[in-house]
Amino acid sequence: VAMDGRAQALRRLGRLHEAIDWYGRALEASPDFAAALVHRARCHQEMGEDVLALADFRRALRLQPQRHDWHLACATLLATDDPSAAKAALHEAARCGAAPAQVDFMLAALTGAPPPPLPPSSYVSALFDAYAPHFERHLTRKLNYRAPQLLADVLLPLLAGRRGRIADLGCGTGLMGRLLRGQASELDGVDLSPAMIEQAKACGVYDALDVGDLVAFLRARSDHYDIAVAADVFVYIGDLAPVFAALKQALRIEGMTAFTVEALDEGDFVLQPTRRYAHSRAYIERVAAAHGFASR
């Protein structure tokens, strides 16, 4: 247990290779230590080593086969490379007590069944709670993530030095907020993940931070903001009509919104095997226009 605890501390510090070494030592001392296997599996996931992560999850399941969350983790790892095995893992997760909404959501991503308008909020918050300690390092160093910078490059020239009230929707750890702080007379953030909000608090750029759903957040702030931004957020929402309705309510006259999506050539929106939604330009423009927005 002490070695696993040390590994957990190293993982939180981002020292993943060292953490894996200490998980290995814990497992040498106690080969049936299922929790250490799962902790090491999640470490491998964060390093992009999905094959090794899957092997550890499966070994843990042989020790504790009733863990529905570990079956879900296996399904996630198998989704893009082995959909049939992923489906089997999801059905086993359901048999072991996984939330039906989460299983149905993941099955829709795998099968191409009509997608739900959005994922279960518990799925999104759990996903990013687990990701929060390593979120920025993984995105910026491994994935070369540039969505906040691309949005800032578009917005800042439009502001022409003016300061305004800004809402950072799905603010995560504050990557977007840091880029816009200088143009904000007020900067507020909202995110479903409590762990992400704790990270955002630590960066010290927000005037207010809320844990919750972005639609409810916007509806509670009528005619309040000049700008609302959403970097890599709408990929976790299918039906954007409620979002645009809430944006219309929260933004002042001539307010602006800027966001990123994953592109879809035809149709309105689809749920991909990655469990992220893609939207077509035609759909976004139609929904935006229906709520009084014009594109620039």
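Rules used throughout
Note on numbering: residues in each chain are counted from 1, in written sequence order. It should be noted that, the model being predicted, local features are given only for residues of pLDDT at least 70 and side-chain atom pairs only at 80 or more, the latter also being counted only at that level, while totals for whole chains, interfaces and linings use all residues. Side-chain measures were taken over the full set of non-hydrogen atoms in the model, leaving aside hydrogen atoms and water. Every case where a carboxyl oxygen of Asp or Glu lies within 4 Å of a side-chain nitrogen of Lys or Arg is listed as a salt bridge. Helix and strand labels come from DSSP, where a helix needs a run of H or I of at least four residues and a strand needs a run of E of at least two; each type is numbered from the N terminus. For every residue, the accessible area (1.4 Å probe, protein chains only) is compared with the maximum for its type, and the residue is labelled buried under 20%, exposed over 50%, or partly exposed between those bounds. Two rings belonging to Phe, Tyr or Trp (six-membered ring only in the last case) form a pair when the distance between their centres is within 6.5 Å. Interplanar angles under 30 degrees mark stacking, angles over 60 mark edge-to-face geometry, and anything in between is tilted. Only strands joined by at least two bridges in the DSSP assignment are considered to pair. Residue contacts follow a heavy-atom distance rule, with two residues in contact if any of their heavy atoms lie within 4.5 Å. Only the contacting stretch of a helix is used when fitting its axis, a line to C-alpha atoms as for every element, and angles between N-to-C directions run 0 to 180 degrees.

**Student:** Got a sec to walk through the pattern of salt bridges? Specific residues and values, please.
**Tutor:** According to the stated counting rule, one finds 15 salt bridges in the structure shown. Among the ionic pairs, Arg-95 bridges to Glu-92, the shortest N-O distance being 2.5 Å. Note that Arg-95 and Glu-92 are positioned in helix α6 (residues 83-95) at a spacing of three residues, about one turn of the helix. Accessibility expressed as a relative area gives 54% for Arg-95, which makes it exposed. Note on Glu-92: relative accessible area 25%, which makes it partly exposed. Its salt-bridge partner being Lys-201, residue Glu-198 comes within 3.3 Å of it at the nearest N-O pair. Of this pair, Glu-198 and Lys-201 both sit in helix α12 (residues 194-203), three residues apart, roughly one helical turn. Overall, the relative accessible area of 47% leaves Glu-198 in the partly exposed class. A single salt-bridge network, built from bridges that share partners, covers Asp-232, Glu-262 and Arg-276.

**Student:** Tell me about the packing of aromatic side chains, and please be specific about residues and values.
**Tutor:** Applying the stated criterion across every chain, the model contains eight aromatic pairs. Summarising the aromatic geometry, the rings of Phe-105 and Tyr-123 are spaced 5.1 Å apart at their centres and angled 50 degrees between planes, so their arrangement reads as tilted. In this pair, Phe-105 sits in helix α7 (residues 100-111) while Tyr-123 sits in helix α8 (residues 121-131), placing the two residues 18 residues apart along the sequence. Residue classification places Tyr-123 among the buried residues on the basis of a relative accessible area of 7%. Judged by centre distance (5.8 Å) and plane angle (80 degrees), the ring pair of Phe-244 and Phe-259 falls under edge-to-face. Of this pair, Phe-244 sits in helix α14 (residues 241-250) while Phe-259 is found in strand β5 (residues 251-259), placing the two residues 15 residues apart along the sequence. Given the relative accessible area of 1%, Phe-244 is considered buried. A network of ring pairs unites the aromatic residues Phe-105, Tyr-123, Phe-269, Tyr-277 and Tyr-283 as a single cluster.

**Student:** How would you summarise the sheet that holds strand β8 (residues 277-280) if you had to cite specific residues and measurements?
**Tutor:** The strand order across the open sheet built from three strands is β6-β8-β7, with neighbouring strands paired in mixed fashion. Pairing within the sheet leaves two strands with one partner each, and these edge strands are β6 (263-264) and β7 (269-271). With three bridges connecting them, β7 and β8 associate as antiparallel partners. Paired with Phe-269 across the strands is His-279, a residue of β8. Here helix α15 (residues 281-290) sits on the sheet in contact with β6, β7 and β8, set at roughly 75 degrees to β8.

**Student:** Now, about the sheet that holds strand β4 (residues 225-230): what can you tell me, with residues and values included?
**Tutor:** The strand order across the open sheet formed by five strands is β3-β2-β1-β4-β5, and the pairing between neighbours is parallel. In this open sheet, the two strands that pair with only one neighbour each are β3 (208-211) and β5. Strand-to-strand, the axes of this sheet are offset by a mean angle of 20 degrees, without reference to chain direction. Of the strand pairs in this sheet, strand β1 (residues 164-169) and strand β2 (residues 184-191) are connected by six bridges, and their pairing is parallel. Looking across to β2, one finds that Arg-165 is bridged to Glu-186. Packing against the sheet, α12 makes contact with β2 and β3, and its axis sits at approximately 170 degrees to β3.

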